[in-house]
Amino acid sequence: MAPQLSDLAGGRAVEWSDSWTDEDLAEATTAALRRFEDQEREGC
């Protein structure tokens, strides 16, 4: 999962941690859904 999360960071620094805040989870979910939607539009 780490490589996928790194890809979602879009070149920004990733702070790796053993614990995720609610905000972290919300941001990861939003980014994952956006990426999925983009891939669907591109037909991948």
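These figures come from a predicted structure and were not determined experimentally.

**Student:** Would you explain a negative patch on the surface in this entry?
**Tutor:** Residues E15, D22, E23, D24 and E27 make up a contiguous surface patch of negative charge. A relative accessible area of 55% means that E23 is categorised as exposed.

**Student:** Sorry if this is basic, but what is going on with the environment of R35 here?
**Tutor:** When you line up the elements, R35 lands in helix α2 (residues 22-42). For the pair formed by R35 and L8, sequence separation is 27 residues and the distance between their alpha carbons is 7.9 Å. With residues near it in sequence (within four places) discarded, R35 still touches Q4, D7 and L8.

Parameters at a glance
- Residues numbered from 1 in each chain as written.
- Predicted model: local features only at pLDDT ≥ 70, side-chain atom pairs only at ≥ 80, totals over all residues.
- Heavy atoms only, no water.
- Patch = residues over 30% accessible without salt bridge, like charges linked within 9 Å, V, L, I, M, F, W, Y side chains within 5 Å.
- Areas by Shrake-Rupley, 256 points an atom, 1.4 Å probe, with all protein chains shown as cover.
- Salt bridge = Lys/Arg side-chain N within 4 Å of Asp/Glu carboxyl O.
- Lys, Arg positive; Asp, Glu negative; His and termini not counted.
- Charge placed at Lys NZ, Arg CZ, Asp CG, Glu CD.
- Buried < 20%, exposed > 50% of the residue type's maximum accessible area, 1.4 Å probe, protein only.
- Helix = DSSP H or I, 4+ residues; strand = E, 2+ residues; numbered from the N terminus.
- Contact = heavy atoms within 4.5 Å.

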